[in-house]
Amino acid sequence: MKVKYFAWVRERIGKAEETVEPPANVRTINDLIVWLSARDESYARAFETPKVIRAAIDHTHVRPDAAISGAREIAFFPPMTGG
Amino acid sequence: MDAPVTIRIQQDDFDIAREIAALSQGRTDIGAVVTFSGICRGSEGGDDISALTLEHYPGMAEAEIKRHADEALSRWPLQGLTVIHRFGRITPGQNIVLVVTASQHRQAAFAAAEFLMDYLKTSAPFWKQEESAKGKGWVEARAHDDAAAARWTKS
């Protein structure tokens, strides 16, 4: 699946998007955050305060317990500040 | 006829008069048009700001605004609405966002414009980065914006 990052989440991870293949036991958005955070320090720093991280699956906002199976595109970003 | 909905995410500026005309010209069923425009301020919390840079999530930004435009149409009797949100670098005094709502009577147009703006602030995937003498920094979300959006939730 494709994963996209925006704003300071993108800056801390150092890339705007990538393709990842998480193992089957990574079932939810929160599982994916934990799995990504274990990869290296940049992910750990981007996700160090999980409660401020927002997520979307296929362009729709989702909660941390949302299942990721079947997702084409997952995005992580800070709270929005548009308008 | 279904109420026309226009949603645009663009780098370029917009012309408010032209957008009002696009929505209302040649029609006699519209009695009220409300516009809200959001403009880049030159200072924030006492600090001068030289520019804002808006990042967005292409695809989701349009989809999220469309969801809320559809909800506005279902909640109020609207004759049409337009939402334009800019991205890229914007300097003080320049436009950031435009909401135009048209209805037969003013109440629906006012309420729908406020509803759309409250949701744009908290759920449309845009992020502002400020440039000031201190350098660049991401704008933090504000609790009062969340509270403004929450008041539209049906209890």
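Up top is the structure these notes are about.
Scoring rules and cut-offs
Residues numbered from 1 in each chain as written. Chains lettered and ligands numbered in written order. Predicted model: local features only at pLDDT ≥ 70, side-chain atom pairs only at ≥ 80, totals over all residues. Contact = placed C-beta atoms within 7 Å. Helix = DSSP H or I, 4+ residues; strand = E, 2+ residues; numbered from the N terminus. Nonpolar A, V, L, I, M, F, W, Y, C, P; charged D, E, K, R; others polar. Buried ≥ 20, exposed ≤ 12 C-beta atoms within 10 Å, placed from the backbone. Axes fitted to C-alpha atoms, helices over the stretch in contact; angles between N-to-C directions. Parallel < 35°, antiparallel > 145°, perpendicular 65-115°, else oblique. Left-handed = near helix turned anticlockwise from the far one by under 90°. Core = buried A, V, L, I, M, F, W, Y, C linked by C-beta atoms within 7 Å. Expected span 1.5 Å × (residues − 1). Pairing = 2+ DSSP bridges.

Peer 1: What is the right way to look at the interface of chain B and chain A in this model?
Peer 2: Accessible area lost on assembly of the parts is the figure often given for the size of an interface. Each partner contributes to the interface: chain B provides 22 residues, whereas chain A provides 14 residues. Element by element, the count of residues in the side of chain B that touches chain A is highest for helix H3 (residues 106-123) of chain B, at five residues. Its residues assigned to classes, the side of chain B that touches chain A comprises 14 nonpolar, five polar and three charged.

Peer 1: Can you walk me through the environment of Ala51(B) in this structure?
Peer 2: Residues and elements named next belong to chain B. Within the secondary structure, Ala-51 is located in strand E4 (residues 47-56). According to the C-beta neighbour criterion, Ala-51 is partly exposed, with 17 such atoms within 10 Å. Every residue in contact with Ala-51, bar those within four places of it in the chain, is listed here: Arg-89, Ile-90, Thr-91 and Glu-131.

Peer 1: So what exactly am I meant to see when it comes to the packing of H3(B) against helix H4 (residues 143-150) of chain B here?
Peer 2: When two helices pack together, their arrangement is given by the angle between the helix axes and the distance between those axes. All names here are of chain B. It is the contact of H3 with H4, at a shortest axis distance of 8 Å, that shows an interaxial angle of 135 degrees. By the angle between their directions, the pair H3 and H4 is classed as oblique. The chirality of how H3 crosses H4 is left-handed. Of the residues in H4, those touching H3 at Asp-118, Tyr-119, Lys-121 and Thr-122 are Asp-145, Asp-146, Ala-148 and Ala-149. Here the residues of the contact of H3 with H4 sort into three nonpolar, one polar and four charged.

Peer 1: Just checking my understanding: could you explain the nonpolar core for this structure?
Peer 2: Note on soluble globular proteins: their nonpolar side chains tend to be buried together. Of all hydrophobic cores here, the largest spans 51 residues; its most connected members are Phe6(A), Val9(A), Ala75(A), Phe77(A), Leu81(B), Ala112(B) and Leu116(B). Among the elements that line this core, the one with the most residues is H3(B), at eight residues. If sequence neighbours within four positions are ignored, Phe6(A) has contacts with Ala75(A), Phe77(A), Glu55(B), Tyr57(B), Pro125(B) and Trp127(B).

Peer 1: I'm lost on H3(B) in this one. Help?
Peer 2: Each α-helix turn comprises 3.6 residues. Residues three or four places apart therefore point the same way. Between its first and last C-alpha atoms H3(B) spans 26 Å; for 18 residues at 1.5 Å apiece the expected length is 26 Å, and the two agree. Those residues of H3(B) that sit buried are Ala108(B), Ala109(B), Ala112(B), Ala113(B), Phe115(B), Leu116(B), Asp118(B), Tyr119(B), Leu120(B), Lys121(B) and Ser123(B).

Peer 1: What is the right way to read the environment of Arg41(B) from this model?
Peer 2: Residues and elements named next belong to chain B. Mapping Arg-41 onto the fold places it in the loop between strand E2 (32-39) and strand E3 (43-44). A count of 13 C-beta atoms within 10 Å places Arg-41 in the partly exposed class. The spatial distance from the C-alpha of Arg-41 to the C-alpha of Tyr-57 is 23 Å, given a sequence separation of 16 residues. Non-local contacts of Arg-41, meaning those with residues more than four positions away in its chain, are made with Ile-49 and Pro-92.

Peer 1: Can you help me understand the sheet that holds strand E1 (residues 5-10) of chain B in this one?
Peer 2: The strands making up a sheet associate through backbone hydrogen bonding, with each pair oriented either parallel or antiparallel. Residues and elements named next belong to chain B. Spatial strand order, E1-E5-E7-E2: four strands in an open sheet with mixed pairing. A strand with exactly one partner marks an edge of an open sheet, and here the two such strands are E1 and E2. Across the sheet, the mean angle from the axis of one strand to that of its neighbour is 5 degrees, orientation sign disregarded. Note: E2 against strand E7 (residues 95-103), eight bridges, orientation antiparallel. Paired with Val-34 across the bridge in E7 is Thr-101.

Peer 1: Looking at this structure, how should I read the packing of helix H2 (residues 60-75) of chain B against H3(B)?
Peer 2: Residues and elements named next belong to chain B. Relative to each other, H2 and H3 sit at 155 degrees, their axes nearing to 10 Å. Overall, the two elements H2 and H3 adopt an arrangement that is roughly antiparallel. As H2 packs across H3, the resulting crossing turns out to be right-handed. In contact with Glu-64, Ile-65, His-68 and Ala-72 of H2, H3 contributes Ala-112, Phe-115, Leu-116, Tyr-119, Leu-120 and Ser-123. Residue composition of the contact of H2 with H3, grouped by class: seven nonpolar, two polar and one charged.

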